[in-house]
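Residue-level structural notes
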Amino acid sequence: MADRKTTSNTPRWVKVSGIIAIVLVLLVILIMIVSGGKHGPGRHLPSSTGVEQSVEQPWS
């Protein structure tokens, strides 16, 4: 019988986890490109149109 030596010492679960992580990162980048790059906390801030929006307080 021939001796079978492993060509890599990296376990299979590490390789699979790495591939999944790369796919997720690429998916996030693709979503950001498709959405027009409008991402991040700044998109939740009101625009600077000069019109102030007020929120009525139910207790006042």
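Refer to the structure presented above.
The notes below deal with the structure included here.

Concerning the overall build of the protein
- Broken down by element type, the protein carries one helix and zero strands.
- In the protein, which comprises 60 residues, the proportion classed as buried is 0%.
- Counting only carbon and sulfur atoms, one obtains 63% of the accessible surface of the protein, whose full area is about 6,400 Å².

What about helix 1 (residues 12-34)?
- For helix 1, spanning 23 residues, the distance from its first C-alpha to its last is 33 Å, which sits close to the expected 33 Å at 1.5 Å a residue.
- In the stretch just after helix 1, G36 is the one whose phi turns positive, near 85°.

Some words on a nonpolar patch on the surface
- A surface patch of nonpolar side chains, amounting to about 660 Å² of accessible area, comprises V16, I20, L24, L27, L30, I31 and V34.
- Considering the arrangement of structural elements, one finds L30 in helix 1.
- Its relative accessible area of 48% is what places L30 among the partly exposed residues.

Definitions and limits used
- The written sequence of each chain sets the order in which its residues are numbered from 1.
- With pLDDT at 70 or above as the cut-off, local features in this predicted model cover only qualifying residues; side-chain atom pairs require 80 or more to be listed or tallied, and sums for whole chains, interfaces and linings still use all residues.
- Computation of side-chain values covers all heavy atoms of the structure but excludes hydrogens and water.
- Comment: elements are numbered from the N terminus, with helices defined as DSSP H or I runs of at least four residues and strands as E runs of at least two.
- Accessibility here uses a 1.4 Å probe with only protein chains present; expressed as a share of the type maximum, an area under 20% marks a residue as buried, one over 50% as exposed, and anything in between as partly exposed.
- Residue-level accessible areas treat just the shown protein chains as cover; the underlying method is Shrake-Rupley with a 1.4 Å probe.
- What a helix should span is 1.5 Å times the count of its residues minus one.
- Patches draw on residues past 30% relative accessible area with no salt bridge. Two like charges within 9 Å are joined, as are two nonpolar side chains (Val, Leu, Ile, Met, Phe, Trp, Tyr) within 5 Å.
- The salt bridge criterion pairs a side-chain nitrogen of Lys or Arg with a carboxyl oxygen of Asp or Glu, the two atoms within 4 Å.

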